[in-house]
Structure formats: structure tokens, C-alpha cells
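Breakdown of the fold
So you can see what is in the structure, the chains are spelled out below.
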Amino acid sequence: LQLARIFGMNYVHIPIGYDGVNEDQSRSLVRVAREAKRPIYVHCHHGRHRGPTAAALICLEEGAVTVNRALSLMNKSGTSKDYAGLWESMWMTFVSFTVCIPKGWHMGLRRFFSIQVP
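Residues numbered from 1 in each chain as written. Predicted model: local features only at pLDDT ≥ 70, side-chain atom pairs only at ≥ 80, totals over all residues. Heavy atoms only, no water.

1. Thoughts on the nonpolar core
Where a protein is soluble and globular, its nonpolar side chains tend to be buried together. Membership of the largest hydrophobic core comes to 16 residues, with the highest contact counts inside it found for Leu29, Leu71, Met74 and Met90. Among the elements of the structure, helix H3 (50–61), helix H4 (67–77) and helix H5 (84–99) are those that each provide at least two residues to this core. At five residues, the largest contribution of residues to this core is made by H3. (Core = buried A, V, L, I, M, F, W, Y, C linked by side-chain atoms within 4.5 Å. Buried < 20%, exposed > 50% of the residue type's maximum accessible area, 1.4 Å probe, protein only. Helix = DSSP H or I, 4+ residues; strand = E, 2+ residues; numbered from the N terminus.)

Structure representation (C-alpha cells):
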């Protein structure tokens, strides 16, 4: 936190578990990215799992990447297939975004979709 201040960075903590990114976390990530006055730096402990997922979700929500590109970014970053919730979060964001599912409904879609990790 001190280093962030030294380099003129604002620090925003949005905790994300390995089980996935929920709707509130996703909205917070996108809101912070939209309100930023300059480029943002998204990170996690290892830099391979949660951080790349968060960055890919922001890009997908903003229309900067396709779902295939977002999944490719996660894959190239080394996001483990063992964290199925992270991969599922990406698919649920895509499905919710694509078919305009109302707030709160995307979590109930898990039983209707068989999520395949690439």
C-alpha cells in the first residue's frame, strides 16, 4: 500500500476468492475501472488466477474483448483449471451480458449450464 502511494497510485481492494467472482464483485470491478482517471493495475497474490480473471471480466464487460479472448487471457496467464469458479465467472458474465439476464439471476443459471473449462 505504501509503495502504491509512493508511485502515485490509488489503491482499491476488492477481495475475490478462488471460487469465483460474484455479481457484486464484478460490478465493483467494472465501476472502479470506469471511474479511474488513468490506467489501472489489477493484481492478485500469484498474478495467475484471480487478477487475470478480474482484468478479463472488466475487459469483457466493457466490450474490449470477446469471451474467447478473455478466456485466452486467463489461459495465457496460467489461471489454473482447478479454480473452476473463476472460469465459470467468465462464462456467467458472458451469458448475462449477452442475453441481458436481470440482476441476480446469473447465479441460478449454474444448474442449467454445464460449464466446460477450456
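2. Brief notes about H3
In this model H3 runs 16 Å from its N-terminal to its C-terminal C-alpha over twelve residues, within 8% of the 16 Å that 1.5 Å per residue would give. For H3, the buried fraction is high: nine of the twelve residues fall into the buried class. For H3, the full list of buried residues reads Arg50, Gly51, Pro52, Thr53, Ala54, Ala56, Leu57, Ile58 and Leu60. Trailing H3 by a residue or two, Gly63 shows a phi angle of about 75 degrees, which is positive. (Expected span 1.5 Å × (residues − 1).)

3. Concerning the pattern of salt bridges
Scanning the model with the defined rule gives four salt bridges in all. Linking Arg27 and Glu23 is a salt bridge whose minimum nitrogen-to-oxygen distance equals 3.2 Å. Of this pair, Arg27 and Glu23 both sit in helix H2 (residues 23–35), four residues apart, which is roughly one turn of that helix. The class for Arg27 is partly exposed, based on a relative accessible area of 38%. The salt bridge partner of Arg31 is Glu35, with a shortest N-O separation of 3.5 Å. (Salt bridge = Lys/Arg side-chain N within 4 Å of Asp/Glu carboxyl O.)

4. Some points on the side chain of Thr53
Its location among the elements puts Thr53 in helix H3. Residues in contact with Thr53, not counting those within four places in the same chain, are Val21, Met74, Thr79, Leu86 and Met90. (Contact = heavy atoms within 4.5 Å.)

5. Structural notes on the side chain of Ser80
Of note, Ser80 is situated in the loop between H4 and H5. Overall, Ser80 belongs to the buried group, its relative accessible area being 17%. Beyond its immediate chain neighbours, meaning those up to four positions away, Ser80 contacts His49 and Trp87.

6. Observations regarding the packing of aromatic side chains
Think of a pair of aromatic rings as described by two things: how far the centres are apart, and how the planes are tilted against each other in angle. Applying the stated rule across the entire model yields one aromatic pair. Taking the ring centre of Tyr18 as reference, the NZ or CZ of Arg50 above it sits at 4.4 Å. (Phe/Tyr/Trp six-rings, centres within 6.5 Å; stacked < 30°, edge-to-face > 60°. Lys NZ or Arg CZ within 6 Å of the ring centre and 35° of its normal.)

7. Concerning the packing of H3 against H4
Their axes nearest at 9 Å, the elements H3 and H4 cross at an angle of 165 degrees. When the axis of H3 is compared with that of H4, the two are roughly antiparallel. Considering how the two elements wind past one another, H3 and H4 form a crossing that is right-handed. Each of Pro52, Thr53, Ala56 and Leu60 in H3 lies in contact with H4, whose residues at this interface are Val67, Ala70, Met74 and Ser77. Taken together, the residues of the contact of H3 with H4 break down into six nonpolar, two polar and no charged. (Axes fitted to C-alpha atoms, helices over the stretch in contact; angles between N-to-C directions. Parallel < 35°, antiparallel > 145°, perpendicular 65-115°, else oblique. Left-handed = near helix turned anticlockwise from the far one by under 90°. Nonpolar A, V, L, I, M, F, W, Y, C, P; charged D, E, K, R; others polar.)

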